[in-house]
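Spelled out, the chains give:
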Amino acid sequence: MTLTALKPASLKEAREAVLDTTGRISIAGAGTAADWGGRLGPVDAVLDTTGLSGVITHNPGDMTVSVHAGTPLRALQEQLAEHGQHLSFDAARVAAGATVGGLVATADAGPSALVHGTLRDLVIGTTTLLSDGAVVRSGGHVIKNVAGFDLSKLLHGSYGTLGVLVEVVLRLHPVPKAIGTVVVECGLADAARLAGEVLASQLEPTAVEWLSSGRLLVRLDSTEEALPARLDRLTRLLGDGASVASGSSEASGQSGAGADVWAEHAALTRGDGGAAVVRIGVKPSLLPGVLEALPASTVSAGLGTGVATVSVPGRAVAEAHAAVHAAGGTSVLRCRPADLGAPAWGPPPSALAVLKAVKQRFDPDGRFGPGRFDPWEIS
Amino acid sequence: MTLDPVARAAIVAALGPDDVVDDPVQTRAYECDGLTGYRVRPEIVLIPRDAEGVARAVKACHRNGVPFVARGAGTGLSGGALPVADGVVISLARLKRVLEVDPVNRRAVVEPGVTNLEITAAVAAHGLYYAPDPSSQQVCTIGGNVAENSGGAHCLKYGFTTNHVYSMEVVLPDGELVTLGGDSAEQQGPDLRGVFLGSEGTLGITTKITVRLLRTPETVRTLLADFPSVAEAGEVVSDIVAAGIVPAAVEMMDTLAIEAAEEAVHAGYTVGVPAALVVELDGPIEQCDTEFAQVKAICDAHGCTRLHIAGSPEERAAIWRGRKAAFAAVGRISPDYFVQDGVVPRTRLAEVLGRIADMGDEAGLRVANVFHAGDGNLHPLVLYSAAAGETERAEELSGAIAELCVELGGSLSGEHGIGTDKACSMPKMYGEEDLAVMKRVRDAFDPEGICNPGKVLPTPRLCGERPGKYRPHPLEESGVIERL
Ligand SMILES: Cc1cc2nc3c(=O)[nH]c(=O)nc-3n(C[C@H](O)[C@H](O)[C@H](O)COP(=O)(O)OP(=O)(O)OC[C@H]3O[C@@H](n4cnc5c(N)ncnc54)[C@H](O)[C@@H]3O)c2cc1C
């Protein structure tokens, strides 16, 4: 059976493509998370969103931007940088060309989620196409808005099962004038203790992450005048082993002093080639214990957010789900070795019936993203 | 139509007589929220003692097909907690426990009847606080805040309720108890937590909330600055933003609002100036100092006529007392008033204020403005006298202002919600299809339509006619967005 390739260049074309096709459809962005979540079931067509690209409106004075959902975030950031603005979002796969819509649909996030939240906190409006051709707009172009149900939230983490994100409106922030990172070479236990001290202080770190290469990274976003003094206080708090990171090679895809250590962070988050990559979230205080017990080859761990990404052998995936669940957390399989049969998700949430009811109302024929939430059987 | 006696007995039995109020005199106390123009006396008020009690109450309503409305402190300004005739009100007033304070993970678990300010009071000893700060924070409940996705002056930098809630325990409209959200921001599928937040009590009743706490900032700097015009003050806001500064708060008041606030609380504002700005910065000392100096320079560059910097916590509190009192204080300069809550993109502030002034002149009514200038959230106060027969005109003007905000690319409501008050204006902001899909969400949670019916989404019964044919969104007409 051949797959129909759909590559609309406008909302109108997207709607026609969905209505003119029968059967099941996989929604695809740049493909940077193609096998995240449950294994995709049989589909008849692939709807590629990368033809829906570019900025629709950017009013720098309002610090909001609306974009077509297939826009690579990296390209958007470059455009925004000319105005000294950016989306405060730094997921590892942005550098690989991930689209705005894909990042929303997979609920991805990076280290600065500690302060700026995830995309559910930064998306202020969406236009979404449903499988029956309905086009729905929610939210708007203002950062403060409580009119109507916030449908954007449902699309966040929907993994292509509820609708096609067509347009996304984002809240922006000023690019920090100066960024600094303090590094401490240490193991997880020491890192967790130090992170606790930093988070209890008033130094306001933007990110606090531990890497399995044996490093704790603490980032400060600042004004230029204030950065040296703030870094100095942070370094003193972190003790003898602490130093300010300086490396910033072009290739890192990040800018500013200390970019290299963040490039390493992104690489570890993308994971270990052949292994299974599992994303987990628990209460921060429980994270070290959960991580210590896993046979992980790579780890990047948000010690303030409780969110970590680990590479484990395929056979350990089920065990990882169980351990995270036992700690009250959530887990999802990202990359998987081709022959891995392990489930993508841990036990279902208590509101599974609501998830099923939402899916039923949004996509009654189950056309979008079959299998993505297996083993929960809602898609 | 009255409540079927069998249903009534079943609902009363679900909790027992001690937790039931059905004396018509006493149930009157529940007939409205802060939007006092709308009143409906509920048939029964249930006051459960715990989450299980709420679940039993909801189950009994569900089994008997009786509509119910959750109620927190009743300070809502859009008629969200307005009872349904022949229906039940479920008050969360007895679910008032702070269940857990976890300073290590910077979070607290509270019941919905805990007030916004009580959360901060319970965690302050650990150097933590709960950031969203509605002006009503001394009385409004966290359950109401979750339902309304409430905001406050400091939401410009720190975000709204939705940005500060990890998870909620919720009694669904069929009485099932579930948890939405999780222990971290990492999600298991679509963000049901996020769609529940701000759903105005139409998707279920929260019985337990895990809120995110922030470390108190090292320092706070606050200034009050007077300007020769609203436009100049508006430019100061734009310049602060353009300088890459994210203030903790930027609030603006106009002459009338200042006059009212001064009369009420004598907070040291200058009576008679056209506009005053409250700007607050917080954070690590070095950063705060450099940015505060920049803000002062920007104020001076725009003809600031008086710059008062709070020199002590008391002086800072006084500045905020003036700002937060402005609402209620308007009662001192006018017998009656309506509060609006529309939002415009910040860059259109001057334009919208000019047009509001013109509209007020045309209607022969005064409009006082006190608002969150940083995020474009207006609170025009339409002053009128019911005794002089101005009510209808004031109501019209008030509605027209909200709709003007939509026309300028904004929203009907920034924080007070749609509720009963603005449900019929929703078609101004959203197309028929948008509203139909929102209805699908409502149906997914509440297929029987018994959970706070008649709120948020327009219904033919509520709004008279059926919503008309599809009309283009104002942003489409102006070419900002395209539909098809
Ligand atoms: C003087 C004044 C100033 C105000 N200032 C602000 C402000 O600065 N910012 C702001 O955002 N708002 C403000 N408000 C509005 C109001 O205080 C908020 O909307 C607040 O969140 C309402 O809380 P409440 O406990 O009074 O809820 P209520 O008015 O009792 O209910 C509000 C809505 O929430 C629902 N609800 C209540 N509890 C629950 C629950 N446990 N589960 C599910 N649904 C529930 C109700 O059904 C209703 O729809 C102000 C109001 C006043 C009177």
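The structure contained in this document is the topic of the report that follows.

Let us look at unusual backbone geometry. Among all residues save glycine, negative phi is the norm, and among peptide bonds the norm is trans. The peptide bond linking D374 of chain A to P375 of chain A adopts the cis configuration, its omega dihedral lying at 15°. As for its placement among the helices and strands, P375 of chain A is situated in the segment after helix 12 (352–362). Of note, E377 of chain A is a non-glycine position whose phi angle comes to about 60°, a positive value. For N149 of chain B, which is not glycine, the phi torsion reads 50° and is therefore positive. By the secondary structure assignment, N149 of chain B is in the loop between helix 5 (142–148) and helix 6 (155–158).

Residues and elements named next belong to chain B. The strand order across the open sheet built from four strands is 1-2-4-3, with neighbouring strands paired in mixed fashion. Single-partner strands in this sheet number two, and they are strand 1 (20–21) and strand 3 (68–71). Along the sheet, helix 1 (residues 5–15) contacts strand 1, strand 2 (44–46) and strand 4 (88–91); its crossing angle with strand 2, the most-contacted strand, is approximately 20°. Sitting on the sheet, helix 3 (residues 51–64) is in contact with strand 2, strand 3 and strand 4, with an inclination near 165° to strand 4.

Residues and elements named next belong to chain B. The immediate surroundings of the ligand are formed by 33 residues, with A70, T75, G76, S136 and T141 found nearest. Between G76 and the ligand, the recorded distance is 2.7 Å, taken from a backbone N or O atom to an oxygen atom. At 2.8 Å, a side-chain N or O of N145 approaches an oxygen atom of the ligand. When the ligand sits alone it has 980 Å² of accessible area, and the protein chains cover 93% of it. Those elements giving two or more residues to the shell around the ligand turn out to be strand 3, helix 5 and strand 10 (205–212). Of all the elements, helix 5 adds the most residues to the shell around the ligand, at five residues.

All right, on to the interface of chain A and chain B then. Tallying the contact residues gives 87 residues for chain A and 94 residues for chain B. Roughly 7500 Å² of surface becomes buried between chain A and chain B when both sides are summed, with 57% attributable to carbon and sulfur atoms. Of all residues in chain A, R137, K144 and F149 of chain A bury the most surface against chain B, accounting for 13% of the area lost on that side. Along the contact surface separating chain A from chain B lie seven salt bridges. Its salt-bridge partner being E286 of chain B, residue R233 of chain A comes within 2.7 Å of it at the nearest N-O pair. Summed over the shared surface of chain A and chain B, the result is 34 residue pairs in polar contact (both at pLDDT 80 or more).

Basis of the calculations
- Residues numbered from 1 in each chain as written.
- Chains lettered and ligands numbered in written order.
- Predicted model: local features only at pLDDT ≥ 70, side-chain atom pairs only at ≥ 80, totals over all residues.
- Heavy atoms only, no water.
- Helix = DSSP H or I, 4+ residues; strand = E, 2+ residues; numbered from the N terminus.
- Pairing = 2+ DSSP bridges.
- Contact = heavy atoms within 4.5 Å.
- Axes fitted to C-alpha atoms, helices over the stretch in contact; angles between N-to-C directions.
- Near = heavy atom within 4 Å.
- Polar contact = N/O pair within 3.5 Å; in protein donor to acceptor, adjacent residues only side chain to side chain.
- Areas by Shrake-Rupley, 256 points an atom, 1.4 Å probe, with all protein chains shown as cover.
- Buried area = accessible area lost by both parts, 1.4 Å probe.
- Salt bridge = Lys/Arg side-chain N within 4 Å of Asp/Glu carboxyl O.

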